[in-house]
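These are the residues of each chain, in order.
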2 protein chains.
Amino acid sequence: MTETDNTLDPAFEAAYQAAQKSLSEGGIPIGAALARGGKVIASGHNERVQHGDPIAHGEMSALRAAGRQTSYRDTTLYTTLAPCAMCTGTIIQFKIPRVVVGEAETFPGEFDLLRSRGVEVVVLDDPRCVDMMRTFQEEHPELWAEDIAE
Amino acid sequence: MTETDNTLDPAFEAAYQAAQKSLSEGGIPIGAALARGGKVIASGHNERVQHGDPIAHGEMSALRAAGRQTSYRDTTLYTTLAPCAMCTGTIIQFKIPRVVVGEAETFPGEFDLLRSRGVEVVVLDDPRCVDMMRTFQEEHPELWAEDIAE
């Protein structure tokens, strides 16, 4: 099943709301959602601050929340920010065929690696996501550096 | 700091014992340990069965258990089985410079990707690890297929 443009928004909004929730908790504002046929299976956000969990990037938290799945071949992963190498490797490993990304201005991610393994990458250039991350990076440079291991 | 051959074993044994613990719990027998200067920081094992957590491969569980680290540049990750794309992406993202792998006979992992990003990969060819995984794969083919999304 393939999402059409009409069904993209609710799943992306779930990712964006998860990022906003994390921000409101004092956490890193990156959120994600896994959807199948336009329906959100699960969403999640970065949990480094909330749970001291370095592997809990937004995408990873959404996949954890989705639990055990027989297959991801008919899913799309939505995320507010371009996926890092960890999340990229996970998308490849789980054979998720399509990723919808809020923005890649404040962090480039690993689009070349994703595409080299056949993953479709859609970038929304959502200004809300750019503003959210830029503000966070300016206000918490040490936390941002820690999250990307710099 | 660099581990010498003398200090490799205790950290690898921690990974192996974590895999054995998972096996004894009815889980997937893959374990890992993160070490710094020969000292184990944390170990972990696959938790797909135990906690219904698809992102909790052995390496990921060890990294989660290690909690927030300022840097991984002086660490080595030990794992009983060749790292999949998820764990490979995580090693790259976390800038872990060195990975010691029990075996790559029963699963090839992503050594080319690891090495292309400058990660040193050491393979021990440990027959205990090969036996452990081969037996598991033969006895639980559906669980193994699920864990590697096949």
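The following paragraphs examine the structure supplied in this document. Because the structure is a prediction, the values reported are computed rather than measured.

**Some remarks on the interface of chain A and chain B**
Phase 1: Between chain A and chain B, the residue contacts involve 32 residues of the former and 32 residues of the latter.
Phase 2: Together, the buried faces of chain A and chain B total about 2,700 Å²; carbon and sulfur atoms form 56% of this surface.
Phase 3: Looking at the side of chain A facing chain B, the largest losses of area belong to Ile55, Arg68 and Gln93 of chain A, adding up to 25% of the total buried there.
Phase 4: There are 6 salt bridges connecting chain A and chain B.
Phase 5: A salt bridge links Glu110 of chain B to Arg117 of chain A, with the nearest nitrogen and oxygen atoms 2.8 Å apart.
Phase 6: At the junction of chain A and chain B, the tally comes to 14 residue pairs in polar contact (both at pLDDT 80 or more).
Phase 7: Elements supplying a minimum of two residues to the side of chain A that touches chain B: α2 (48-51), α3 (58-66), α4 (85-93) and α7 (141-147) of chain A.
Phase 8: The element that contributes the greatest number of residues to the side of chain A that touches chain B is α4 of chain A, accounting for 6 residues.
Phase 9: Along the lines of polarity and charge, the residues of the side of chain A that touches chain B split into 15 nonpolar, 6 polar and 11 charged.

**Brief notes about the sheet that holds strand β4 (residues 98-103) of chain B**
Residues and elements named next belong to chain B.
Phase 1: Strand order in the open sheet formed by 5 strands is β2-β1-β3-β4-β5, and the pairing between neighbours is mixed. The strands lining the two open edges of the sheet, one partner per strand, are β2 (39-45) and β5 (120-123). Averaged over all neighbouring strand pairs, the angle between strand axes comes to 20°, with direction disregarded.
Phase 2: Relative to β5, β4 runs parallel, the two sharing 4 bridges. By the bridge assignment, Val101 is partnered in β5 with Val123.
Phase 3: In the packing of helix α3 (residues 58-66) onto the sheet, contacts are made with β1 (31-36), β2 and β3 (75-81), and the angle to β2 comes to roughly 130°.

**Digging into the layout of surface pockets**
Phase 1: By volume, the largest pocket is sized at about 290 Å³.
Phase 2: Contributing to the lining of the largest pocket are 18 residues, with Glu110 of chain A together with Ile92, Gln93, Lys95 and Arg117 of chain B lying nearest its centre.
Phase 3: Among the elements that make up the lining of the largest pocket, the one with the highest residue count is helix α4 (residues 85-93) of chain B (3 residues).
Phase 4: The class makeup of the residues in the lining of the largest pocket is 10 nonpolar, 3 polar and 5 charged.
Phase 5: For the second largest pocket, the calculated volume is near 250 Å³.
Phase 6: Along the walls of the second largest pocket sit 16 residues, with Ile92, Gln93, Lys95 and Arg117 of chain A together with Glu110 of chain B positioned nearest its centre.
Phase 7: Per-class residue counts for the lining of the second largest pocket are 9 nonpolar, 3 polar and 4 charged.

**Quick notes on unusual backbone geometry**
Phase 1: Phi at Lys95 of chain A is positive, roughly 60°, even though this residue is not glycine.
Phase 2: Unusually for a residue other than glycine, Ala149 of chain B sits at a positive phi of about 55°.
Phase 3: For Ala149 of chain B, the location among the structural elements is in the segment after α7 (141-147).
Phase 4: The class for Ala149 of chain B is buried, based on a relative accessible area of 13%.

**Side note on the environment of Asp125 of chain B**
Residues and elements named next belong to chain B.
Phase 1: Within the fold, Asp125 resides in the loop between β5 and α6 (127-139).
Phase 2: A sequence separation of 70 residues divides Asp125 from Ile55, and the C-alpha atoms of the two residues are 25 Å apart.
Phase 3: Ignoring any residue separated from it by four or fewer positions in sequence, one finds Asp125 in contact with Val101 and Gly102.

**Comments concerning the packing of aromatic side chains**
Phase 1: Tallying each qualifying case throughout the model produces 4 aromatic pairs over all chains.
Phase 2: Ring centres of Tyr72 of chain B and Phe94 of chain B lie 4.9 Å apart, and the angle between their planes is 40°; this geometry places the pair in the tilted category. Placement of the pair is Tyr72 of chain B in the loop between α3 and β3 and Phe94 of chain B in the loop between α4 and β4, with a sequence separation of 22 residues. For the pair Tyr72 of chain B and Phe94 of chain B, one class covers both residues: buried.
Phase 3: The ring of Tyr16 of chain A carries Arg128 of chain A above its face, with NZ or CZ at 4.0 Å from the centroid.

**What to know about the packing of α3 of chain B against α4 of chain B**
All names here are of chain B.
Phase 1: Direction vectors running N to C along α3 and α4 enclose 40°, while the axes themselves pass 9 Å from each other. The residues of α4 that touch α3, namely those facing Glu59, Met60 and Leu63, are Met86, Cys87 and Thr90.
Phase 2: The residue makeup of the contact of α3 with α4, split by class, is 4 nonpolar, 1 polar and 1 charged.

**Overview of the pairing of β2 of chain B**
All names here are of chain B.
Phase 1: Examined bridge by bridge, β1 and β2 share 6 bridges and lie antiparallel to one another. Among the inter-strand pairings, Ala35 is bridged to a residue of β2, identified as Val40.
Phase 2: In textbook terms, the turn of a hairpin is the stretch between consecutive antiparallel strands, and for β1 and β2 this stretch comprises 2 residues, one of which, Gly37, has a positive phi near 60°.

Basis of the calculations
- Residues numbered from 1 in each chain as written.
- Chains lettered and ligands numbered in written order.
- Predicted model: local features only at pLDDT ≥ 70, side-chain atom pairs only at ≥ 80, totals over all residues.
- Heavy atoms only, no water.
- Contact = heavy atoms within 4.5 Å.
- Buried area = accessible area lost by both parts, 1.4 Å probe.
- Salt bridge = Lys/Arg side-chain N within 4 Å of Asp/Glu carboxyl O.
- Polar contact = N/O pair within 3.5 Å; in protein donor to acceptor, adjacent residues only side chain to side chain.
- Helix = DSSP H or I, 4+ residues; strand = E, 2+ residues; numbered from the N terminus.
- Nonpolar A, V, L, I, M, F, W, Y, C, P; charged D, E, K, R; others polar.
- Pairing = 2+ DSSP bridges.
- Axes fitted to C-alpha atoms, helices over the stretch in contact; angles between N-to-C directions.
- 1 Å grid on protein atoms, 1.4 Å probe; cavity = no way out; pocket = protein on both sides within 12 Å on 5 of 7 lines; lining within 4 Å.
- Points joined across faces, edges and corners; volume = space filled by probe spheres on them.
- Buried < 20%, exposed > 50% of the residue type's maximum accessible area, 1.4 Å probe, protein only.
- Phe/Tyr/Trp six-rings, centres within 6.5 Å; stacked < 30°, edge-to-face > 60°.
- Lys NZ or Arg CZ within 6 Å of the ring centre and 35° of its normal.

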